[in-house]
Amino acid sequence: MARRWTLATTLNLSFGALLGCVVLSIAVGVMALRSVAVANDRVLTVHVPNQLDAERLAKHGETLVAEARGVFLTGDSSFESPMREASGEFRKDIERLRSRVRTEEGRRIVDAIDVAERDFQGALEEVIRERRGGMGMEETLKAIRTRTLPRRMVLANQARGLLEREEGFVMAGQREVESATRFALWSFASVGAFALLLGGAMAVRLKSSVTRQIGGAVQSMKTSTTELQTAATEQASVLKEQATAMSEIGTTVTELLATSRQIAESSQRVATVASETAGAANHGNQTVIRAQESVTSIRSQVDLIVGHMLDLGKKSQQIGGILELINELSEQTNILAINATIEAAGAGESGRRFAVVADEIRRLADRVASFTKDIRVLIEEIRSSVNTTVMATEGGSKAVDNGARQVGEVATAFQDIVRLVGTTTDATREIELSTKQQTTGVEQVKIAIGEVAQGTKETQAAATQTLQTARQLAETSRDLSELIETTGG
Amino acid sequence: MGPDWNEEVEAWRKAFDRSFALPATLGSRAVEKCRLLVVEVAGRRCAFDVATLGGLLSIPRIVPVPSPLPEFLGIVSARGVLTPVYSLAALLGWEHANEVTHKLILCPSPENLALATGTVLGYEERAPEELMNFQDTDPAGRAIVAAMAMADGTRIPILGLGQLVRYLGARIRAAKESR
């Protein structure tokens, strides 16, 4: 089963392979250049300076021989100073060479040159002293030929050998540099050719992969673009409706804001009224307390009235008893008058005057009886009134009790009202505060809704733009599809 | 509104004072008119001529005495004299089962007896021409009504105390004879 890589994987692998080839090429080039540079550096920093020092050493040796020749020929001491300077330079050259040489052979050659120079220098110093001691020219020449010349030859041979050796090193280094350079070129060319081959292979595979995957992607993009067009159309429609709804919500929020402000004002007025109501309730509570005291006083007065009325009833009963006695007396008087009349009638003519008196007494008794009857009626009426009054007073007393109890309940109710009005006042203040906060919140909501409406309009415009972009994308995908079909053959 | 008691008392006082200011000859009028004592007997009204009475007393304690006469109630002490008492209602034959007697009508001397009657309803004066003669017997055949008088639109009998005494005497004799 063939492995199907994604376009990104293919691209990554391709670019990774190419990048690896590039890195390999660079690494090979760097290594080749580094080997060339190392070889070149070794030639330039070791072999060439050593060659130069060897040449300077030979030159200073020649100078030393020349200046020593002057001293030998002239015996003039003015030639000693250049000779010694040349000797010093020769020593410096030997020291530099000793510090640079890295092989045992090189150090041995330098040490041999050093020994040869010291031997030649010692021979020169001995001949010079003898010359200064008066040794003749012939003898000097002989001494030169016998003692200094062989040493000079040894020194020259060794210096020449050193120079030739260093020149050989330089030549070898140059050849090594050339070899490294050729290797670098060959490596770079090989790696480059490999990278080209790999790049070509990758390009072929990438082209196939791109054609296959982008074709599928373009197809998917067509579908997605169609869906995107539909969605953008629906979104534009929904956003239009949303914009209308947001406009309506804005209107409603404006009305709500006005209502909240009215509620806030009403709450403030209610708070004021509640505060006044609390004051009125307190005043009413005080009034009810005074009414309780008044009712208590009325109750005492009613009890007093009941006592007086009962006393009045007893006294009317006593009056009734006295009336009975008076009635009895009037009846007795009447009987006496009648008897007097009877006796007067029996007395004949002499009893007429007595009959008149008896008649008056009887009338008086009749009147008394009549009055007594009337007074009894009145007393009965009084007693009835007293009873009625007592009953009414007792009813009033009960009513006062009920009134006192109701006043007590009213007092309790007023206390509850005071407490509830206090609670109402607090609640109203909280409502007022909450309504103000609500008003502020509604204002913020109004601002937010305005921003949302603006955002909806912008989103609507963006949806329209999206729709337009989707159409353009559909055209692009169609063009891309045609391009891929044309490219793919 | 009740009567004006101040005016009533003042009128009463004036009448009382005027009675002392009238001349004594005016008392002859009392002789010219008939004075009637109206009583209630067994729920009925009847009257007596005061001039025929021996006296009027409130009923004292009656001591019951056995008697064949149902109208005989007992004896009382009237003005220091033991006096037999008879029920007027029973004597008249009127329904008297629950009769409550209040007064005693004494018969004049020499008769020593008393009649128990009900409430004294009043004392009235009538001119002789206002009285209607009634010489006939009552429905029971007794000749005890002396005359008739009009009172409050109805006729009331004026009982003759002498006729009653005679009728009672006849009853007593008959009782004695029956024994």
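Above this text you will find the structure in question.
Residues numbered from 1 in each chain as written. Chains lettered and ligands numbered in written order. Predicted model: local features only at pLDDT ≥ 70, side-chain atom pairs only at ≥ 80, totals over all residues. Heavy atoms only, no water.

Caption draft 1: Seen up close, the overall build of chain A. For chain A, the helix and strand inventory stands at five helices and zero strands. When the helices and strands of chain A are listed from N to C terminus, the series reads α-α-α-α-α. Relative to the 2.2 N^0.38 estimate, which gives 23 Å for 489 residues, the radius of gyration of chain A is 76 Å and therefore markedly larger than a compact globule would have. Residue burial in chain A is summarised as follows: out of 489 residues, 31% are buried. Taking the contacts inside chain A whose residues are at least 6 apart along the sequence as the reference set, 86% of them involve residues at least 24 apart. A total of about 29200 Å² of accessible surface is found on chain A, and carbon and sulfur atoms cover 60% of it. Taken as two groups, the 57 positive and 62 negative side-chain charges of chain A have centres that lie 9 Å from each other. (Helix = DSSP H or I, 4+ residues; strand = E, 2+ residues; numbered from the N terminus. Rg over C-alpha atoms; globule rule 2.2 N^0.38 Å. Buried < 20%, exposed > 50% of the residue type's maximum accessible area, 1.4 Å probe, protein only. Contact = heavy atoms within 4.5 Å. Areas by Shrake-Rupley, 256 points an atom, 1.4 Å probe, with all protein chains shown as cover. Lys, Arg positive; Asp, Glu negative; His and termini not counted. Charge placed at Lys NZ, Arg CZ, Asp CG, Glu CD.)

Caption draft 2: Spatial organisation of the packing of aromatic side chains. Residue and element names in this part refer to chain B. One pass over the full model with this rule turns up one aromatic pair over all chains. Consider the rings of F72 and Y86, whose centres lie 5.1 Å apart with planes at 55°: the pair is tilted. One end of the pair, F72, is in strand β4 (residues 72-78); the other, Y86, is in strand β5 (residues 81-87), with 14 residues separating them in the sequence. For the pair F72 and Y86, one class covers both residues: buried. (Phe/Tyr/Trp six-rings, centres within 6.5 Å; stacked < 30°, edge-to-face > 60°.)

Caption draft 3: A look at the environment of A278 of chain A. Residue and element names in this part refer to chain A. By secondary structure assignment, the location of A278 is in helix α4 (residues 137-347). Relative accessible area serves as the criterion here: at 18%, A278 is assigned to the buried category. Separated by 139 residues in the primary sequence, A278 and I417 have C-alpha atoms spaced 8.2 Å apart.

Caption draft 4: Structural detail: the sheet that holds strand β3 (residues 55-58) of chain B. The mixed open sheet is built from five strands, whose spatial order is β3-β6-β7-β5-β4 (chain B). Either end of the sheet is taken by a strand with one partner, and the two such strands are β3 and β4 of chain B. Each adjacent strand pair in this sheet contributes to an overall mean axis angle of 35°, direction not counted. Across three bridges, the pairing between β5 of chain B and strand β7 (residues 114-117) of chain B is parallel. Directly across from S87 of chain B, in β7 of chain B, lies its bridge partner A116 of chain B. α4 of chain A contacts β3 and β6 (103-106) of chain B of the sheet and is inclined by roughly 160° relative to β3 of chain B. (Pairing = 2+ DSSP bridges. Axes fitted to C-alpha atoms, helices over the stretch in contact; angles between N-to-C directions.)

Caption draft 5: Representation of α4 of chain A. Residues and elements named next belong to chain A. The end-to-end C-alpha distance of α4, which contains 211 residues, comes to just 248 Å, noticeably less than the 315 Å that a straight helix rising 1.5 Å per residue would cover. The largest bend along α4 reaches roughly 45° and is located at T148, with the proline P150 sitting one to four residues downstream. Remark: G348 follows α4 within two positions and exhibits a positive phi of approximately 75°. (Expected span 1.5 Å × (residues − 1). Bend = angle between axes of the 7 residues up to and from the residue.)

Caption draft 6: Expanded view of helix α2 (residues 80-100) of chain A. Residue and element names in this part refer to chain A. The terminal C-alpha atoms of α2 lie 30 Å apart, and with 21 residues this matches the ideal 30 Å at 1.5 Å per residue to within 8%. For α2, the complete set of buried residues consists of E80, M83, A86, S87, F90, R91, D93, I94 and L97. For α2, the arc enclosing every buried residue in end-on projection is 160°, short of the 170-degree limit, so these residues lie on one face. Exposed side chains of α2 directed beyond 90 degrees from the buried face belong to E85 and S99. (Arc of directions from axis to C-beta.)

Caption draft 7: How the structure looks around a nonpolar patch on the surface. All names here are of chain A. Taken together, the side chains of L19, V22, V23, I26 and V30 make up a nonpolar region of the molecular surface, amounting to roughly 440 Å² of accessible area. When you line up the elements, L19 lands in helix α1 (residues 7-74). Assessed through its relative accessible area of 56%, L19 is described here as exposed. (Patch = residues over 30% accessible without salt bridge, like charges linked within 9 Å, V, L, I, M, F, W, Y side chains within 5 Å. Salt bridge = Lys/Arg side-chain N within 4 Å of Asp/Glu carboxyl O.)

Caption draft 8: Spotlight on the nonpolar core. Core analysis: the largest hydrophobic core is formed by 33 residues, its most contacted members being V41, F48, L88, L92, L115, L159 and L164 of chain B. Only α4 of chain A together with β1 (34-41), β2 (44-49), α3 (88-92), β10 (145-151) and α4 (161-178) of chain B provide two or more residues apiece to this core. Counting residues per element, this core draws most heavily on α4 of chain B, which supplies five residues. The next biggest cluster of nonpolar side chains, apart from the first, holds 27 residues, and it includes M83, A86, I109 and A143 of chain A. (Core = buried A, V, L, I, M, F, W, Y, C linked by side-chain atoms within 4.5 Å.)

Caption draft 9: Geometry of the side chain of H60 of chain A. With respect to the helices and strands, H60 of chain A occurs in helix α1. Sequence-distant contacts of H60 of chain A, that is, excluding residues within four places in its chain, are made with A86, E89, F90 and D93 of chain A.

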